[in-house]
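Chains, contacts and geometry: an overview
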Amino acid sequence: MARARLTLTAAALAGAALLVSAGPAGACPRDPRDDPATWEYEGVYDCTKATVGHGVRTWTKPSPVAFVVIKTGKTYFVSELGDANEGDRTYTFDKPIRFVITCNFTDA
(Lines give C-alpha, C1' and ligand atoms only; values in the text may rest on other atoms or scores of the structure.)
Protein backbone atom coordinates (compact mmCIF):
# COMPACT_ATOMS: atom_id res chain seq x y z
CA MET A 1 0.00 0.00 0.00
CA ALA A 2 2.76 2.47 0.92
CA ARG A 3 4.67 1.55 -2.21
CA ALA A 4 1.61 2.21 -4.42
CA ARG A 5 1.01 5.54 -2.69
CA LEU A 6 4.67 6.50 -3.20
CA THR A 7 4.47 5.56 -6.91
CA LEU A 8 1.26 7.55 -7.40
CA THR A 9 2.72 10.55 -5.58
CA ALA A 10 5.86 10.46 -7.71
CA ALA A 11 3.78 10.20 -10.90
CA ALA A 12 1.58 13.11 -9.83
CA LEU A 13 4.60 15.28 -9.04
CA ALA A 14 6.23 14.44 -12.38
CA GLY A 15 3.00 15.25 -14.22
CA ALA A 16 2.61 18.56 -12.38
CA ALA A 17 6.21 19.51 -13.17
CA LEU A 18 5.63 18.72 -16.83
CA LEU A 19 2.49 20.88 -16.93
CA VAL A 20 4.20 23.79 -15.18
CA SER A 21 7.20 23.72 -17.53
CA ALA A 22 5.06 23.47 -20.69
CA GLY A 23 2.27 25.75 -19.47
CA PRO A 24 3.61 29.21 -20.32
CA ALA A 25 4.84 28.19 -23.78
CA GLY A 26 1.59 26.49 -24.67
CA ALA A 27 -0.70 29.10 -23.17
CA CYS A 28 0.70 32.16 -24.98
CA PRO A 29 1.43 31.72 -28.67
CA ARG A 30 4.11 34.08 -29.96
CA ASP A 31 2.85 37.18 -31.71
CA PRO A 32 4.11 37.20 -35.32
CA ARG A 33 4.73 40.95 -35.00
CA ASP A 34 7.59 40.10 -32.61
CA ASP A 35 9.47 38.39 -35.49
CA PRO A 36 11.56 40.69 -37.71
CA ALA A 37 10.79 38.50 -40.75
CA THR A 38 7.13 39.58 -40.49
CA TRP A 39 8.16 43.14 -41.41
CA GLU A 40 10.44 42.27 -44.35
CA TYR A 41 7.62 42.21 -46.94
CA GLU A 42 9.05 39.50 -49.19
CA GLY A 43 12.59 40.84 -49.22
CA VAL A 44 11.86 44.55 -49.69
CA TYR A 45 13.31 45.30 -46.22
CA ASP A 46 16.01 43.68 -44.10
CA CYS A 47 14.90 43.80 -40.46
CA THR A 48 16.71 43.06 -37.20
CA LYS A 49 15.44 42.94 -33.63
CA ALA A 50 17.21 44.36 -30.58
CA THR A 51 16.28 44.57 -26.93
CA VAL A 52 16.98 47.80 -25.08
CA GLY A 53 18.06 48.56 -21.52
CA HIS A 54 15.68 48.37 -18.59
CA GLY A 55 13.36 51.37 -18.30
CA VAL A 56 14.30 53.01 -21.64
CA ARG A 57 11.41 55.15 -22.95
CA THR A 58 12.98 56.93 -25.94
CA TRP A 59 14.46 55.67 -29.19
CA THR A 60 16.27 57.60 -31.91
CA LYS A 61 15.91 56.22 -35.43
CA PRO A 62 18.82 57.17 -37.71
CA SER A 63 17.74 58.79 -40.99
CA PRO A 64 18.84 56.04 -43.41
CA VAL A 65 16.64 53.46 -41.61
CA ALA A 66 13.42 52.86 -43.58
CA PHE A 67 11.21 52.33 -40.51
CA VAL A 68 11.21 50.92 -36.99
CA VAL A 69 8.74 48.83 -35.02
CA ILE A 70 8.86 49.60 -31.30
CA LYS A 71 6.98 47.52 -28.73
CA THR A 72 6.03 49.19 -25.45
CA GLY A 73 3.87 47.15 -23.11
CA LYS A 74 1.39 45.45 -25.46
CA THR A 75 1.46 48.27 -28.02
CA TYR A 76 3.36 48.28 -31.32
CA PHE A 77 4.48 51.61 -32.80
CA VAL A 78 5.51 51.66 -36.48
CA SER A 79 7.32 54.76 -37.74
CA GLU A 80 6.41 56.26 -41.08
CA LEU A 81 8.53 55.58 -44.15
CA GLY A 82 8.81 59.33 -44.80
CA ASP A 83 10.84 59.66 -41.61
CA ALA A 84 13.77 58.01 -43.43
CA ASN A 85 14.33 61.19 -45.45
CA GLU A 86 14.01 63.72 -42.63
CA GLY A 87 17.13 63.07 -40.54
CA ASP A 88 17.26 61.30 -37.21
CA ARG A 89 13.91 61.04 -35.44
CA THR A 90 13.45 60.51 -31.69
CA TYR A 91 10.31 58.83 -30.36
CA THR A 92 9.23 59.03 -26.71
CA PHE A 93 6.78 56.66 -25.02
CA ASP A 94 4.80 56.51 -21.77
CA LYS A 95 5.90 52.91 -21.11
CA PRO A 96 9.34 51.30 -21.25
CA ILE A 97 10.42 49.91 -24.62
CA ARG A 98 10.50 46.10 -24.77
CA PHE A 99 12.29 45.82 -28.12
CA VAL A 100 12.95 47.61 -31.40
CA ILE A 101 12.84 46.09 -34.89
CA THR A 102 14.90 48.17 -37.32
CA CYS A 103 14.18 47.79 -41.05
CA ASN A 104 16.40 48.96 -43.90
CA PHE A 105 15.68 48.96 -47.61
CA THR A 106 17.23 46.11 -49.61
CA ASP A 107 18.18 46.19 -53.29
CA ALA A 108 15.16 44.01 -54.14
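Residues numbered from 1 in each chain as written. Predicted model: local features only at pLDDT ≥ 70, side-chain atom pairs only at ≥ 80, totals over all residues. Heavy atoms only, no water.

**Brief notes about the overall build of the protein chain**
The secondary structure content of the protein chain amounts to one helix and six strands. Of the regular secondary structure in the protein chain, the N- to C-terminal order runs α-β-β-β-β-β-β. Split into buried and exposed, the 108 residues of the protein chain put 26% on the buried side. Long-range contacts, defined here as pairs at least 24 residues apart, represent 66% of the contacts in the protein chain between residues at least 6 apart. Just so you have it, the protein chain exposes about 7,500 Å², and 59% of that area is on carbon and sulfur atoms. (Helix = DSSP H or I, 4+ residues; strand = E, 2+ residues; numbered from the N terminus. Buried < 20%, exposed > 50% of the residue type's maximum accessible area, 1.4 Å probe, protein only. Contact = heavy atoms within 4.5 Å. Areas by Shrake-Rupley, 256 points an atom, 1.4 Å probe, with all protein chains shown as cover.)

**A word on unusual backbone geometry**
Positioned with a positive phi, Tyr41 is a non-glycine residue whose angle comes to about 45 degrees. Of note, Tyr41 is situated in the loop between α1 (2-27) and β1 (45-51). Even without being glycine, Glu42 reaches a positive phi, approximately 55 degrees.

**Focus: the sheet that holds strand β3 (residues 67-72)**
With respect to topology, four strands assemble into an open sheet ordered β1-β6-β3-β4, the strand pairing being antiparallel. In this open sheet, the two strands that pair with only one neighbour each are β1 and β4 (75-78). Sheet twist, expressed as the average angle between the axes of neighbouring strands with direction ignored, equals 15 degrees. (Pairing = 2+ DSSP bridges. Axes fitted to C-alpha atoms, helices over the stretch in contact; angles between N-to-C directions.)

**Overview of the nonpolar core**
Of all hydrophobic cores here, the largest spans 10 residues; its members are Trp39, Tyr45, Cys47, Ala66, Phe67, Val69, Tyr76, Phe99, Ile101 and Cys103. At the level of elements, β1, β3 and β6 (97-105) are the ones that each hand at least two residues to this core. It is β6 that provides the largest number of residues to this core, a total of three residues. When sequence neighbours within four positions are dropped, the list of residues in contact with Ile101 reads Arg33, Asp34, Asp35, Pro36, Trp39, Cys47, Thr48, Lys49, Phe67, Val68 and Val69. Of all hydrophobic cores here, the second largest spans eight residues; its members include Val52, Val68, Phe93 and Val100. (Core = buried A, V, L, I, M, F, W, Y, C linked by side-chain atoms within 4.5 Å.)

**Examining the packing of aromatic side chains**
Inspection of every chain in the model, using the stated rule, returns seven aromatic pairs. Both rings, one in Trp39 and one in Phe67, keep their centres 6.5 Å apart while their planes meet at 65 degrees; by these two values the pair is edge-to-face. Taken as a pair, Trp39 in the loop between α1 and β1 and Phe67 in strand β3 lie far apart in primary sequence, 28 residues in all. Judged by relative accessible area, which is 10%, Trp39 ranks as buried. Each residue in the set Trp39, Tyr41, Tyr45, Phe67 and Phe105 is aromatic and connected to the rest through ring pairs, giving one cluster. (Phe/Tyr/Trp six-rings, centres within 6.5 Å; stacked < 30°, edge-to-face > 60°.)

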